[in-house]
Amino acid sequence: MKISIFDLGKNTRKESLAQEIKNYYTEKNKDAEVIIYHSIDTEIKDCIGCWSCWWKSPGKCAINDDAYKLYKDYINSDEVVILFHTENGFIDGKGKTFLDRLIQHYLPYIKIRNGECGHLKRYHKYPVMNFYLEKGGLSDEEVKVIKNHLARTAYHFHSTCKELLYENESVQTMNLECTKPMAEVLAKEVIERKTSGKWVIYNGSPRGNHSNSKRIIEKIITGMKEQGAENIEVRNLINAKEHKIWAEDFSSAENNLFVFPLYVHAMPGSVMKFFEQLKPINNKEVHMAFLVQSGFPETSQSYYLRPYLELITKRLGVSFDGTIIKGGVEGIQMKPDKANKKFYDQMEAIGRTYADKGIMDISLKKEYEKSEYLPKGIQLLFSLFSLTGLTNYYWDFNLKKNNAYEKRFARPYVE
């Protein structure tokens, strides 16, 4: 039996905890091979959304860092233990990046489970995921959001999961079940207002200026300007060197809109690394709003993140202007502008509403969330098309273009 412990913490206390967890497993099974990666060994770069692991070097991330050995031990383990540090009410950016880059262990091809899209397995087996959370300073709501997110992540990654507890100098585990996400927490507090001051729009896509988020932001700005909004600044969160300055300057802008893609049921790690630097402002004249877009068409995929986006505004003491979730966005770059006209018109409407009323467009929010799960008819059509291979066309086309089609089912980390 092989067990890998990934200490993603920021303090020496957790390194000693990792050793105690190792002792726990070796006492249960004297023949167990237990590997510990301490926090200094787990510094990895953020996922850049290049999809090389799907269509250029199948199963292997293109980023050249120390992650190779981490993810090789991960997939070859029977169980993994991940020790998460938390910041501003969620697992920190380092932990989120670790989860983001697990996507290389899965195929790009899609299967529908319970009315939702999910990626197919690349490997024959996946380890049991054991999660440990630093809960100091977290509210009960924040703890629930994190647990729901981690259980959902394990479900999406075809793993079972447990929460690892350390109490009274004793290690224990408890099953962590995938449940429905929390409902919106603060949505009822969103009210219309007369807008004024500076607007900052944060592009949270790891693809930066080559992203769908950028296109969305451009259309939102068009709508905002139609309502007379001025003094609009766009900041790309892939510019990590600017995070500290932007975080210190955060309260100087009255209106802050975050636009980013969904990565493993939450924000990309690079976005969380910015969130964790924000300090309490306690000024209701500062506002935050969010637009989360995803490739999967159903909005349920983003519901595990939605309550956190509300709770961080509560933690920072700023006003919450609402969240819009939009699925099925990935294909817009493959379509001519004419085919995207309805979508672009909707994004402009979001901009007009936000500039005019200071809230995310409620009518569009309701329209998008009608697609919470895939309708039965769509599920049936998808099943029929999958028999012909049409549902794999986009991925197969790019695999062939990159001379990687023959390796599409590769398992590069198998020992």
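Remember, predicted model here, so these are calculated numbers, not experimental data. (Residues numbered from 1 in each chain as written. Predicted model: local features only at pLDDT ≥ 70, side-chain atom pairs only at ≥ 80, totals over all residues. Heavy atoms only, no water.)

Novice: How would you sum up unusual backbone geometry? Please name residues and give values.
Specialist: Positive phi, close to 50°, is recorded for V264, a residue that is not glycine. According to the relative accessible area criterion, V264 is buried, its value standing at 14%. Its identity as a non-glycine residue notwithstanding, N403 has a phi of 55°, on the positive side. With respect to the helices and strands, the residue N403 is situated in the segment after α13 (393-401). Judged by its relative accessible area of 73%, N403 falls in the exposed class. (Buried < 20%, exposed > 50% of the residue type's maximum accessible area, 1.4 Å probe, protein only. Helix = DSSP H or I, 4+ residues; strand = E, 2+ residues; numbered from the N terminus.)

Novice: A description of helix α5 (residues 140-156) should follow, citing residues and the corresponding values.
Specialist: End to end, α5 covers 24 Å across 17 residues, agreeing with the expected 24 Å (1.5 Å per residue, within 8%). Of all 17 residues in α5, 12 are buried; the element is thus mostly enclosed. Downstream of α5 by a residue or two, H158 has a phi angle that is positive, lying close to 60°. (Expected span 1.5 Å × (residues − 1).)

Novice: Which residues make up the sheet that holds strand β10 (residues 170-175), and what values go with them?
Specialist: Taken in spatial order, the six strands line up as β2-β1-β3-β8-β9-β10 in an open sheet, and their pairing is mixed. Bordering the open sheet on either side are β2 (33-37) and β10, each of which pairs with just one other strand. Strand-to-strand twist across the sheet, computed as the mean angle between neighbouring axes with direction ignored, equals 20°. As judged from the six bridges shared by strand β3 (residues 79-84) and strand β8 (residues 128-133), these two strands associate in the parallel manner. Each bridged residue has a counterpart across the sheet, and for V81 the counterpart in β8 is N130. (Pairing = 2+ DSSP bridges. Axes fitted to C-alpha atoms, helices over the stretch in contact; angles between N-to-C directions.)

Novice: So what about the pattern of salt bridges? Which residues, and what values?
Specialist: The full count for this structure, using the stated rule, is 23 salt bridges. Residue K273 pairs with D46 through a salt bridge whose shortest N-O separation is 2.7 Å. Note that K273 is positioned in helix α8 (residues 269-275) and D46 in the loop between β2 and α2 (52-55), a separation of 227 residues in sequence. With a relative accessible area of 24%, K273 lands in the partly exposed category. Taking relative accessible area as the criterion, D46 reaches 21% and is therefore assigned partly exposed. R207 is paired through a salt bridge with E330; the nearest N and O atoms lie 3.3 Å apart. Within this pair, whereas R207 is found in the loop between β11 (199-203) and α6 (212-226), its partner E330 is found in the loop between β15 (319-326) and α10 (341-357), the two being separated by 123 residues in sequence. R207 gets classed as partly exposed once you look at its relative accessible area, which sits at 21%. (Salt bridge = Lys/Arg side-chain N within 4 Å of Asp/Glu carboxyl O.)

Novice: Explain the pairing of β3 to me, and be specific about the residues and the numbers.
Specialist: Counting buried residues in β3 gives six out of six residues, a clear majority hidden from the surface. Judged by which residues are buried, β3 turns out to be covered on both faces: E79, V81 and L83 on one side and V80, I82 and F84 on the other are all buried. Inspection of the sheet shows strand β1 (residues 2-7) paired to β3 by five bridges, in the parallel sense. Looking at β3, one finds that F6 is bridged to I82.

Novice: Summarise the sheet that holds strand β14 (residues 287-293); cite the residues concerned and give the values.
Specialist: In space, the five strands of this open sheet follow the order β12-β11-β13-β14-β15, with parallel pairing throughout. Looking at strand neighbours, the two that pair on one side only are β12 (232-236) and β15, the edges of this open sheet. Going from strand to strand, the sheet's axes swing by 15° on average, the running direction of each strand aside. Relative to β15, β14 runs parallel, the two sharing six bridges. In the sheet register, Q293 faces β15, and the bridge partner there is K326. Sitting on the sheet, α6 touches β11, β12, β13 (255-261) and β14, and the angle it makes with β11 is about 160°. The sheet contacts of α10 involve β11, β13, β14 and β15, and relative to β14 the element is tilted by about 170°. (Contact = heavy atoms within 4.5 Å.)

Novice: Could you give an account of the side chain of H119, naming the residues involved and the relevant values?
Specialist: In this structure, H119 sits in strand β7 (residues 116-121). Separated by 3.2 Å, the side chain of H119 and the backbone oxygen of L107 make a polar contact. Leave out the neighbours within four places in its chain, and H119 touches W54, I103, Y106, L107, P108, Y109, I110, H156, H158 and F296. (Polar contact = N/O pair within 3.5 Å; in protein donor to acceptor, adjacent residues only side chain to side chain.)

Novice: Lay out the packing of α5 against helix α9 (residues 306-316) in plain terms, naming residues and giving numbers.
Specialist: Relative orientation of the contacting elements α5 and α9 amounts to 150°, with a least axis distance of 10 Å. Overall, the two elements α5 and α9 adopt an arrangement that is roughly antiparallel. In the packing of α5 onto α9, the handedness of the crossing is left-handed. Across from E141, E142 and V145 in α5, the residues of α9 making contact are P307, Y308, L311, K314 and R315. (Parallel < 35°, antiparallel > 145°, perpendicular 65-115°, else oblique. Left-handed = near helix turned anticlockwise from the far one by under 90°.)

Novice: Before we move on, can you summarise a nonpolar patch on the surface with the specific residues and values?
Specialist: On the surface, I378, L380, L381, L384, F385, L387 and L390 cluster together to form a nonpolar patch covering roughly 720 Å² of accessible area. For L390, the position within the fold is in the loop between α12 (376-388) and α13. You can call L390 exposed: its relative accessible area is 55%. (Patch = residues over 30% accessible without salt bridge, like charges linked within 9 Å, V, L, I, M, F, W, Y side chains within 5 Å. Areas by Shrake-Rupley, 256 points an atom, 1.4 Å probe, with all protein chains shown as cover.)

Novice: Kindly report on the state of the cysteines, identifying the contributing residues and their values.
Specialist: On inspection of all chains with the given rule, the structure shows zero disulfides. With no disulfide of its own, C161 has C178 as its nearest cysteine by sulfur position, at a separation of 7.8 Å. We classify C161 as buried; its relative accessible area is 8%. (Disulfide = S-S within 2.5 Å.)

Novice: I'd love a proper account of the environment of S386, names of residues and values included.
Specialist: By the secondary structure assignment, S386 is in helix α12. Separated by 196 residues in the primary sequence, S386 and V190 place their C-alpha atoms 42 Å from one another.

Novice: Account for the packing of aromatic side chains, naming residues and giving values.
Specialist: Under the definition given, this model contains 34 aromatic pairs. Ring geometry for Y106 against F157: centres 4.7 Å apart, planes inclined by 10°, an arrangement best described as stacked. In this pair, Y106 sits in strand β6 (residues 106-113) while F157 sits in the loop between α5 and β9 (161-167), placing the two residues 51 residues apart along the sequence. The buried category is assigned to Y106, whose relative accessible area is 1%. On the basis of relative accessibility, which here comes to 0%, the residue F157 falls in the buried class. Grouping aromatic residues by their ring pairs yields a cluster made of Y202, W246, F250, F258, F274, F275, F290 and F320. One cation-aromatic arrangement involves R113 over Y155; the distance from NZ or CZ to the ring centre is 4.1 Å. (Phe/Tyr/Trp six-rings, centres within 6.5 Å; stacked < 30°, edge-to-face > 60°. Lys NZ or Arg CZ within 6 Å of the ring centre and 35° of its normal.)

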